[in-house]
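# Structure at a glance
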Number of protein chains: 2
Amino acid sequence: MPTFQTVRGMRDLLGEEAVAFTFIISKARETASLYGYKEVITPVVEPLELLSAKSGEEIRQRMFIFKDLGERSVALRPEFTASIARLTTTALKNEPKPLRLFSVGSVYRYDEPQRGRYREFWQSNFELMGSSKPEADAEIILLTNSLMQNLGLQGYTFKIGHIGVIRGILSQEGVDEKTQNAVLQRMDKKEYDEAFRLVQSEKARIMLQGLLTLKGSSPQETVEKIGAYVADYPKAKGAAENLNEVLRLVTESGCPVEFVEPAFARGLEYYTGVIFEVYIHELDIALGGGGRYDKLIEVFGGDPTPAVGCAHGIDRIALALQTQKTALATKQEKKVAVLPITEALRVEALKIAQQFRAAGVTVEFEVMGRKMAKALEDADKRKMDYAVIVGERELKEGAVVVKDLASREQSTVPIQKLLEKIKS
Amino acid sequence: MPTFQTVRGMRDLLGEEAVAFTFIISKARETASLYGYKEVITPVVEPLELLSAKSGEEIRQRMFIFKDLGERSVALRPEFTASIARLTTTALKNEPKPLRLFSVGSVYRYDEPQRGRYREFWQSNFELMGSSKPEADAEIILLTNSLMQNLGLQGYTFKIGHIGVIRGILSQEGVDEKTQNAVLQRMDKKEYDEAFRLVQSEKARIMLQGLLTLKGSSPQETVEKIGAYVADYPKAKGAAENLNEVLRLVTESGCPVEFVEPAFARGLEYYTGVIFEVYIHELDIALGGGGRYDKLIEVFGGDPTPAVGCAHGIDRIALALQTQKTALATKQEKKVAVLPITEALRVEALKIAQQFRAAGVTVEFEVMGRKMAKALEDADKRKMDYAVIVGERELKEGAVVVKDLASREQSTVPIQKLLEKIKS
């Protein structure tokens with residue numbers, strides 16, 4: 001007897017949950033189209049070398065790695081960015097910039113499973129390549145805003161920061177990049193003591209500790225305070241100014257930024273500029289996030305290419321929609337059960353079913369050969385709108401019996417008026 | 001420097017090819033809805049035990065198998081049916097029958113890559129559980145027909161057969177099931193000599209050889225000839241009668257069946273009844289296929305459940321659409337480039353962009369900070385319909401400049417009339 005369970009940390013999505021997933025994916029695709037992002041589909045399985053090039057030590061240790069039958073080291077993608085970077089440096093190398101790319105699909109990380117966190121999870125991913133301007137950062141945040149809005153999420157907010165603030169301080173105090181990465185990783189997990197312990201320079205430590213407590217009465221004020229606080233650190237100050245500009249562009253375009261986090265860090269090592277996450281108040285996990293990564297394309301052998309991108313967690317968004325009991329804005333088409341009274345009438349009934357389907361009406365055809373009472377009972381259970389009963393007597397007159405399963409009304413309807421009747 | 005290539009046998013889908021894929025997937029989803037199939041999303045990674053339960057020896061040897069970090073033997077799904085069978089025997093065990101399930105996604109087989117055959121490929125998959133009636137077989141064929149039709153494929157045809165004809169002969173002549181599977185596998189590959197060499201019974205061999213040459217002037221006639229040919233083999237005869245009934249239901253419902261293949265076999269071991277494939281004349285690989293598998297659910301520990309299903313190869317359908325130069329019936333929305341003349345106007349320009357997007361218009365916002373001439377040239381290259389130029393002078397009067405990039409006409413348009421102008 002085979003195993004009846006899914007692999008630990010992976011799951012089947014059924015019923016309303018599957019509907020929510022396809023709804024979110026369709027909204028992400030719609031957002032991509034509205035913002036001019038072209039969809040690309042990359043493999044789930046990628047060369048290990050590609051995926052481990054710059055994913056961050058932490059993700060590397062959590063990848064599903066194996067050898068294929070040709071002894072190639074491969075892994076399941078833990079995110080989309082490496083695959084997109086490959087495209088940018090190969091097939092799309094000569095495309096005019098900016099390059100706007102969209103992907104959606106499953107990604108894989110060997111994490112401890114918990115609510116909203118799975119080993120197979122789904123992301124929609126947007127990358128904007130070729131622009132170092134704040135309006136590029138703003139666009140990525142604004143499209144995330146559009147997506148959240150179009151999904152019908154309530155009271156979602158953005159948290160925003162700039163990786164250059166911490167890096168600017170650490171660099172100037174002589175902390176090497178590898179240590180910086182380790183510090184940022186700890187800070188991302190809010191393990192501040194462990195993070196600071198990695199920093200040799202006392203001055204840098206004090207500066208970071210001070211950053212943590214910095215807070216204004218508004219996002220704008222917080223950014224100004226950061227700017228003042230790092231006045232002696234030119235790179236960090238430049239980061240604060242850049243953050244200020246992006247913040248202005250997105251807030252004035254109607255994007256709800258709740259707060260600026262001075263010591264904001266995100267796990268992935270490749271960020272170089274503005275970073276952000278989006279939340280709803282009911283959940284303490286981010287629904288999505290992203291940021292600027294101006295050095296990554298070089299790592300993949302491409303020409304220096306400024307870039308900014310984001311990913312949205314579809315599993316988490318589905319959880320958020322469920323938590324907020326959001327009614328999904330999906331089209332509800334009419335559903336009809338077509339029931340031939342006898343076997344001899346199956347062909348005629350099938351033809352009627354095909355007419356309905358050609359007109360966009362959902363038909364569940366009676367394939368069980370059940371008695372009429374049983375079939376009608378079942379149509380009720382399945383929440384069909386109508387039962388169309390194909391009987392010999394009515395058929396001779398070019399008609400069928402239509403039963404409205406909500407009102408229980410029943411009438412004989414000529415076949416050529418059937419669609420009109422059902423669609424009304 | 002990391003590897004720039006995809007894993008052998010896997011590929012990136014870009015531009016028109018990605019558009020074709022999402023188009024096919026959306027049509028498959030639409031077909032599922034029209035026929036009352038509920039979508040389920042199952043993991044790409046499954047327990048090896050589940051996948052190897054009844055996939056056929058051949059597929060087992062071509063799976064991507066590995067151990068996860070918890071030392072579990074897992075594999076990438078080579079098809080959907082095992083996962084769906086799991087669902088049917090667990091989470092959906094108590095759902096009323098018939099159960100109609102739809103899935104779409106990537107599957108994995110370690111085959112020698114060639115035109116139309118990849119190691120990662122995409123399928124849409126439909127399963128109808130609970131009915132042993134011919135109208136259930138007919139439904140699966142008819143929905144495949146609807147999908148091909150809605151995709152715009154020309155001159156596609158169905159090949160249909162019944163696995164019970166060969167099995168009926170072999171069983172009656174004392175050939176055990178394992179040998180039957182091996183024979184069917186060879187016959188599927190048209191390796192008839194190798195197939196017949198496996199059959200000890202001379203009578204069975206002669207019967208199979210005769211089957212190969214059986215041919216009528218129409219599908220109906222071929223089925224009748226099969227029935228007469230196997231008159232002394234009750235099980236095989238029953239299979240021919242069942243095939244005849246399904247054939248009648250689908251052809252009378254407008255499905256183009258080109259021929260009935262008397263010795264039709266499909267690679268997967270689990271088929272028990274009618275089997276079919278769909279082709280276009282320009283390609284010698286099937287675009288999809290399926291059949292009845294009445295014993296499979298039991299293998300997965302469920303109650304005996306008759307079932308019929310099919311899968312469509314999205315990569316191959318995309319190749320077919322490309323071969324036939326089919327214009328994809330996708331909506332073409334208007335595309336607008338929004339270009340602020342100066343940095344100071346970015347916020348106003350972003351607001352205009354957001355208004356367009358809210359109304360369903362695709363906007364590519366100028367994120368490169370380029371001079372107007374350069375930005376306009378780029379908008380041309382990207383085949384935008386309009387450029388909306390946001391300048392200070394016009395903005396003071398609540399207007400912007402709109403340039404029709406096809407006619408090269410340029411006019412000043414009040415912001416509140418912008419949408420009307422663009423959408424006209």
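What you are looking at is a predicted structure, and each value in this text was computed from that prediction instead of being measured.

The rules behind the values
- Residues numbered from 1 in each chain as written.
- Chains lettered and ligands numbered in written order.
- Predicted model: local features only at pLDDT ≥ 70, side-chain atom pairs only at ≥ 80, totals over all residues.
- Heavy atoms only, no water.
- Helix = DSSP H or I, 4+ residues; strand = E, 2+ residues; numbered from the N terminus.
- Rg over C-alpha atoms; globule rule 2.2 N^0.38 Å.
- Buried < 20%, exposed > 50% of the residue type's maximum accessible area, 1.4 Å probe, protein only.
- Contact = heavy atoms within 4.5 Å.
- Areas by Shrake-Rupley, 256 points an atom, 1.4 Å probe, with all protein chains shown as cover.
- Lys, Arg positive; Asp, Glu negative; His and termini not counted.
- Charge placed at Lys NZ, Arg CZ, Asp CG, Glu CD.
- Core = buried A, V, L, I, M, F, W, Y, C linked by side-chain atoms within 4.5 Å.
- Buried area = accessible area lost by both parts, 1.4 Å probe.
- Salt bridge = Lys/Arg side-chain N within 4 Å of Asp/Glu carboxyl O.
- Polar contact = N/O pair within 3.5 Å; in protein donor to acceptor, adjacent residues only side chain to side chain.
- Domains from an automatic or database assignment.
- Axes fitted to C-alpha atoms, helices over the stretch in contact; angles between N-to-C directions.
- Parallel < 35°, antiparallel > 145°, perpendicular 65-115°, else oblique.
- Left-handed = near helix turned anticlockwise from the far one by under 90°.
- Pairing = 2+ DSSP bridges.
- Least-squares fit on C-alpha atoms with pLDDT ≥ 70 in both.
- 1 Å grid on protein atoms, 1.4 Å probe; cavity = no way out; pocket = protein on both sides within 12 Å on 5 of 7 lines; lining within 4 Å.
- Points joined across faces, edges and corners; volume = space filled by probe spheres on them.
- Nonpolar A, V, L, I, M, F, W, Y, C, P; charged D, E, K, R; others polar.
- Phe/Tyr/Trp six-rings, centres within 6.5 Å; stacked < 30°, edge-to-face > 60°.
- Lys NZ or Arg CZ within 6 Å of the ring centre and 35° of its normal.

With that settled, consider the overall build of chain A. Secondary structure assignment for chain A yields 17 helices and 16 strands. Here chain A has a C-alpha radius of gyration of 28 Å; the compact-globule value for 424 residues is 22 Å, and the former is much larger. Along the first, second and third principal axes, the C-alpha atoms of chain A reach 95 × 55 × 45 Å. Sorting the 424 residues of chain A into buried and exposed places 61% on the buried side. In chain A, the proportion of contacts linking residues at least 24 apart, taken out of those at least 6 apart, comes to 67%. Accessible area for chain A stands at about 17100 Å²; split by element, carbon and sulfur atoms hold 48% of it. Of the side chains in chain A, 58 bear a positive and 59 a negative charge, and the two mean positions are spaced by 3 Å.

Val338(A), Phe356(A), Val388(A) and Ile160(B) are the most contacted members of the largest nonpolar core, which has 132 residues in total. Those residues within four positions of Phe356(A) in sequence are excluded, and the remaining contacts are Val336(A), Val338(A), Val361(A), Val363(A), Val388(A), Leu418(A), Leu419(A) and Ile422(A). By size, the runner-up hydrophobic cluster in this structure holds 131 residues, among which are Phe121(A), Phe126(A), Tyr233(A) and Val338(B).

Between chain B and chain A, the contact holds 100 residues from the first and 100 residues from the second. Of the roughly 8400 Å² buried at the junction of chain B and chain A (both faces included), carbon and sulfur atoms supply 60%. A per-residue breakdown of the area chain B buries against chain A is headed by Ile41(B), Arg346(B) and Val367(B), which together make up 9% of the total. The tally of links from chain B across to chain A stands at 10 salt bridges. Two residues, Arg86(B) and Asp12(A), come together in a salt bridge whose shortest N-O distance is 2.6 Å. For the pair chain B and chain A, the interface holds 36 residue pairs in polar contact (both at pLDDT 80 or more).

Attention shifts here to the domain arrangement of chain A. The domain architecture assigned to chain A consists of domain 1 (15-323) and domain 2 (335-423). Taking only C-alpha atoms, the centre of domain 1 of chain A and the centre of domain 2 of chain A are 52 Å apart.

Residue and element names in this part refer to chain A. Interhelical geometry of helix 6 (residues 163-172) versus helix 9 (residues 202-213) gives an angle of 160 degrees and a closest axis separation of 9 Å. Our classification of the angle between helix 6 and helix 9 gives roughly antiparallel. Note that helix 6 runs across helix 9; the crossing there is right-handed. The segment helix 6 lies against helix 9, with Val165, Ile166, Ile169 and Leu170 engaging Ala204, Met207, Leu208 and Leu211.

As enumerated under the stated definition, the model contains 66 salt bridges over all chains in all. Here Asp378(B) makes a salt bridge to Arg370(B), at a shortest N to O gap of 3.0 Å. The exposure class assigned to Asp378(B) is buried, which follows from its relative accessible area of 9%. Overall, Arg370(B) belongs to the partly exposed group, its relative accessible area being 21%. Each of Arg100(A), Glu139(A), Glu364(B), Glu366(B), Arg370(B), Asp378(B) and Arg382(B) takes part in one network of salt bridges that share partners.

Now for the sheet that holds strand 2 (residues 45-47) of chain A. As a general point, the strands of a sheet are linked pairwise by backbone hydrogen bonds and lie either parallel or antiparallel. Residue and element names in this part refer to chain A. With antiparallel pairing, the 3 strands of this open sheet are ordered in space as 2-4-3. Of all the strands in the sheet, just strand 2 and strand 3 (65-67) have a single pairing partner and so form its edges. Across this sheet, the average inter-strand angle for adjacent strands is 40 degrees, counted without regard to direction. Where strand 2 meets strand 4 (residues 73-76), 3 bridges bridge the pair, whose relative direction is antiparallel. Looking across to strand 4, one finds that Val45 is bridged to Leu76.

So, on to the pairing of strand 7 (residues 157-162) of chain B. The two faces of a sheet get side chains in turn, since along a regular strand they alternate between them. Residue and element names in this part refer to chain B. Most of strand 7 is tucked away, with 6 of its 6 residues classed as buried. Going residue by residue along strand 7, you find Thr157, Lys159 and Gly161 tucked away on one face and Phe158, Ile160 and His162 tucked away on the opposite face as well. For strand 7 and strand 9 (residues 274-279), the ladder comprises 6 bridges, and the chain directions are antiparallel. In the strand pairing of strand 9, Gly161 is matched with Ile275. One ladder, built from 3 bridges, connects strand 7 with strand 8 (residues 257-260); its direction is parallel.

Moving on, we get to the sheet that holds strand 12 (residues 335-340) of chain B. Residue and element names in this part refer to chain B. Pairing in this open sheet of 5 strands is mixed, and the strands run 13-12-14-15-16 from one edge to the other. Strands with a single pairing partner mark the edges of an open sheet, and in this sheet they are strand 13 (362-365) and strand 16 (410-414). Strand-to-strand twist in this sheet, taken as the mean axis angle between neighbours without regard to direction, amounts to 30 degrees. Examined bridge by bridge, strand 12 and strand 13 share 4 bridges and lie parallel to one another. Each residue of the ladder has a partner; that of Lys335, found in strand 13, is Thr362. Running at roughly 160 degrees to strand 13, helix 14 (residues 346-358) makes contact with strand 12, strand 13, strand 14 (386-390) and strand 15 (399-404) of the sheet.

For the match of chain B to chain A, the screw axis carries a shift of 0.0 Å, the RMSD comes to 0.0 Å, and the turn is 180 degrees. Look at the turn and shift together and you get a two-fold axis relating the two. Rotation axis and chain B: the residue whose C-alpha lies nearest the axis is Phe66(B), separated from it by 3.0 Å. The fraction of interface residues of chain B whose copies in chain A are also interface residues reaches 100%, indicating that both copies meet through the same surface.

Attention now goes to the environment of Pro78(A). Residues and elements named next belong to chain A. When you line up the elements, Pro78 lands in the loop between strand 4 and helix 4 (81-89). Under the relative-accessibility criterion, Pro78 is labelled buried at 0%. Spatially, the C-alpha atoms of Pro78 and Leu51 are 7.8 Å apart, while their sequence positions differ by 27 residues. With near-sequence residues (within four places) excluded, Pro78 lies in contact with Leu51, Ile59, Met63, Val107, Tyr108 and Arg109.

A word on the side chain of Thr31(A). One can find Thr31(A) in helix 1 (residues 15-34). Beyond its immediate stretch of four places on either side in the chain, Thr31(A) contacts Phe126(A), Leu143(A), Ser146(A), Leu147(A) and Asn150(A).

Following the criterion strictly, the structure yields 7 cavities of 30 Å³ or more and no others. By volume, the largest cavity is sized at about 450 Å³. Lining the largest cavity we find 30 residues, and of these Val104(A), Gly105(A), Trp122(A), Gly105(B) and Trp122(B) sit closest to its centre. Of all the elements in the fold, those that place two or more residues in the lining of the largest cavity are helix 1 and strand 5 (99-108) of chain A together with helix 1 (15-34) and strand 5 (99-108) of chain B. Among the residues forming the lining of the largest cavity, the class breakdown is 14 nonpolar, 10 polar and 6 charged.

Our next topic: the environment of Phe64(A). Along the polypeptide, Phe64(A) turns up in the loop between helix 3 (57-60) and strand 3. On the basis of relative accessibility, which here comes to 2%, the residue Phe64(A) falls in the buried class. Along the primary structure Phe64(A) and Leu76(A) are separated by 12 residues, whereas in three dimensions their C-alpha atoms are 5.6 Å apart. With near-sequence residues (within four places) excluded, Phe64(A) lies in contact with Met10(A), Val74(A), Ala75(A), Leu76(A), Tyr108(A), Arg109(A), Tyr110(A), Arg119(A), Phe66(B) and Asp68(B).

What follows is about the packing of aromatic side chains. Residues and elements named next belong to chain A. In total, this model carries 21 aromatic pairs over all chains according to the counting rule given. For the pair Tyr37 and Phe126, a centre-to-centre distance of 5.6 Å together with 75 degrees between the ring planes defines the contact as edge-to-face. Of this pair, Tyr37 sits in the loop between helix 1 and strand 1 (38-39) while Phe126 sits in strand 6 (residues 120-129), and the two are 89 residues apart along the sequence. Look at Tyr37 and you get buried, because its relative accessible area is 5%. Through pairs of rings, three or more aromatic residues link up here, namely Tyr37, Phe102 and Phe126. Sitting over the ring of Tyr118, Arg11 keeps its end group 3.7 Å from the ring centre.

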